[in-house]
Amino acid sequence: MCGPLEQFSHLRSGAQLQEATRRGNSLGYYVLGTDIASGSDGDVFSAARVFARGSGLQPQQVALKRIKLLGQKQRKHAYTELRVAASVYMEVQNEASGLCGHEHLVRLLDFFGSSDGLDHVVFLVMQICAFGLDDLIAAVQEARDMVPASVGAETLRLPARFAEFELWRLLQQMVEALSFLNCLRIIHRDVKPENILWAQQQQQQQQQQ
């Protein structure tokens, strides 16, 4: 396929799923893990990129988003995600920061199609995150609901809300990320708890290398 998605070829490493990769491929391959989430436009899995033998590189944990290009909506979704990633990549390269993205934006690390190319399915390889704001909210509520009414959450000192400094830090990082996108003339139209993610420091360091 030589279409809209091919213009982002500079973001590709050339690695594919293990099933579609010939043994000994010097580009490495991706091994699927467990399901993380599913939505109307695609599914997200944990995965690992295995590098070529002899490279000396350890497997890299990533998130793999699969978008089935069933219609115009899904093709536009894939194109938009790649366009944003390409814009961020170019801006950071122009600033000569040595990074491949903004520190408060989930990075797109790679992408590839199925064995027959980019006609039917596209896989977006993304920075993997530990959990989302929706998970955190649910965990706090669940912990409070498990406490017997006779005891009371206050007695066990369970958090009724998030610490103020954590909220300020979250808000600051969100504003920095959205302002960065705004400078690139990109509007994030889906800011919600499910899309506010936490990456552990070790994960961030691993994927900046």
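Note that the coordinates shown come from a computational prediction; the quantities given were computed from them, not determined experimentally.

Trainee: It is not clear to me how the nonpolar core should be interpreted in this structure. Could you clarify?
Mentor: A general feature of soluble globular proteins is that nonpolar side chains tend to end up buried together. Counting 15 residues, the largest nonpolar core has Leu82, Phe111, Val122 and Leu124 as its most contacted members. Of all the elements in the fold, those that place two or more residues in this core are helix 1 (72–94), strand 5 (108–114) and strand 6 (117–126). Residues Ala15, Leu17, Tyr30 and Leu64 belong to the second largest nonpolar core, which totals 10 residues.

Trainee: Just checking my understanding: could you explain the environment of Ala52 for this structure?
Mentor: Along the chain, Ala52 falls in the loop between strand 3 (42–50) and strand 4 (60–68). Between the C-alpha atoms of Ala52 and Tyr29, which are 23 residues apart in sequence, the distance is 8.1 Å.

Trainee: Even after reading the chapter, I still don't get a nonpolar patch on the surface, so can you show me in this structure?
Mentor: Taken together, Trp168, Leu171 and Val175 make up a surface patch of nonpolar side chains, about 320 Å² in accessible area. Tracing the backbone through its elements, the reader meets Val175 in helix 4 (residues 164–183). A relative accessible area of 44% places Val175 in the partly exposed class.

Trainee: Even after reading the chapter, I still don't get unusual backbone geometry, so can you show me in this structure?
Mentor: Comment: phi is negative for the bulk of residues other than glycine, and the bulk of peptide bonds are trans. For Arg185, which is not a glycine, the phi torsion comes out positive at approximately 65°. With respect to the element layout, Arg185 can be found in the loop between helix 4 and strand 8 (197–198). Among the residues examined, Arg185 registers a relative accessible area of 77% and is labelled exposed.

Trainee: Sorry, what's going on with the pairing of strand 5 here?
Mentor: Every other side chain in a regular strand lies on the same face of the sheet, so the side chains alternate between the two faces. The buried fraction of strand 5 amounts to 6 of the 7 residues, a majority that puts the element mostly inside the structure. Sheet topology note: the strand 5/strand 6 ladder contains 6 bridges and is antiparallel. In the strand pairing of strand 6, Phe112 is matched with Phe123.

Trainee: Is there a simple way to think about the side chain of Lys65 in this case?
Mentor: Position of Lys65 among the secondary structure elements: in strand 4. Look at Lys65 and you get buried, because its relative accessible area is 17%. A polar atom in the side chain of Lys65 sits 2.8 Å from the side chain of Glu81. Residue contacts for Lys65: discarding those within four places in its chain leaves Asp43, Val44, His77, Glu81, Val122, Phe123, Leu124 and Met126.

Trainee: Looking at this model, I keep getting lost on the pattern of salt bridges. Mind explaining?
Mentor: As a working rule, side chains carrying opposite charge can pair if their charged atoms are close by. For the structure shown, the criterion picks out 3 salt bridges. For the salt bridge of Asp190 with Lys192, the shortest nitrogen-to-oxygen distance reads 3.7 Å. On the accessibility criterion, Asp190 (37% relative accessible area) is partly exposed. Of the residues examined, Lys192 reaches a relative accessible area of 34% and is grouped as partly exposed.

Trainee: Looking at this model, I keep getting lost on the confidence of the model for the chain. Mind explaining?
Mentor: The predicted structure's coordinates, where accompanied by low pLDDT, should not be read in detail. Across the chain, the average pLDDT comes to 76, with 74% of residues at or above 70. Counted against residues more than four places away or in other chains, residues 153–158, with its pLDDT under 50, gives 9 contacts.

Trainee: It is not clear to me how the packing of aromatic side chains should be interpreted in this structure. Could you clarify?
Mentor: The relative placement of two aromatic rings is captured by the distance of their centres and the angle of their planes. Considering all chains together, one arrives at 4 aromatic pairs under this definition. In this structure an aromatic cluster arises from ring pairing among Tyr30, Phe112 and Phe123.

Trainee: Can you walk me through the side chain of His77 in this structure?
Mentor: If you trace the backbone, His77 turns up in helix 1. His77 sits in the buried class, given a relative accessible area of 18%. A polar atom in the side chain of His77 sits 2.7 Å from the side chain of Glu81. For His77, the residues in contact, after removing those within four places along its chain, are Asp41, Lys65 and Ile67.

Trainee: Even after reading the chapter, I still don't get the environment of Leu184, so can you show me in this structure?
Mentor: Checked against the element boundaries, Leu184 lands in the loop between helix 4 and strand 8. Under the relative-accessibility criterion, Leu184 is labelled buried at 18%. Taking the C-alpha atoms as reference points, Leu184 and Ser87, separated by 97 residues in sequence, lie 7.1 Å from one another. The contact partners of Leu184, leaving out residues within four places of it in the chain, are Ser87, Val88 and Glu91.

What counts, and at which threshold
Counting starts from 1 at the beginning of each chain's written sequence and moves along it residue by residue. Local features in a predicted model are, by the rule used here, given only for residues with pLDDT of at least 70; side-chain atom pairs are given and counted only at 80 or more, and totals for whole chains, interfaces and linings are based on all residues. The side-chain numbers reported here are obtained from all heavy atoms of the structure, hydrogens and water having been left aside. What we call a nonpolar core is a set of buried Ala, Val, Leu, Ile, Met, Phe, Trp, Tyr and Cys residues that are connected through their side-chain atoms within 4.5 Å. The rule is simple: take the accessible area with a 1.4 Å probe, protein chains only, and divide by the maximum for that residue type; under 20% is buried, over 50% is exposed, in between is partly exposed. Segments assigned H or I by DSSP are reported as helices when at least four residues long, segments assigned E as strands when at least two residues long, and all are numbered from the N terminus. Nonpolar side chains (Val, Leu, Ile, Met, Phe, Trp, Tyr) are joined into patches within 5 Å and like charges within 9 Å, using only residues with over 30% relative accessible area and no salt bridge. Accessible areas in this description were obtained via Shrake-Rupley with a 1.4 Å probe; residue shielding takes into account the shown protein chains only. Here, a salt bridge means any side-chain nitrogen of Lys or Arg that lies within 4 Å of a carboxyl oxygen of Asp or Glu. Here, a strand pair is defined by DSSP locating no fewer than two bridges between the strands. What qualifies as a polar contact is a pair of N or O atoms within 3.5 Å, subject to a donor-acceptor requirement within protein and to the restriction that residues adjacent in sequence count only when both atoms come from side chains. Residues are treated as being in contact if the distance between any of their heavy atoms lies within 4.5 Å. One number per residue, pLDDT, summarises how confident the predictor is, and it ranges from 0 to 100. Pairing of aromatic side chains requires ring centres within 6.5 Å, counting the rings of Phe and Tyr and the six-membered ring of Trp. Pairs whose planes differ by under 30 degrees are stacked, by over 60 edge-to-face, and all others tilted.

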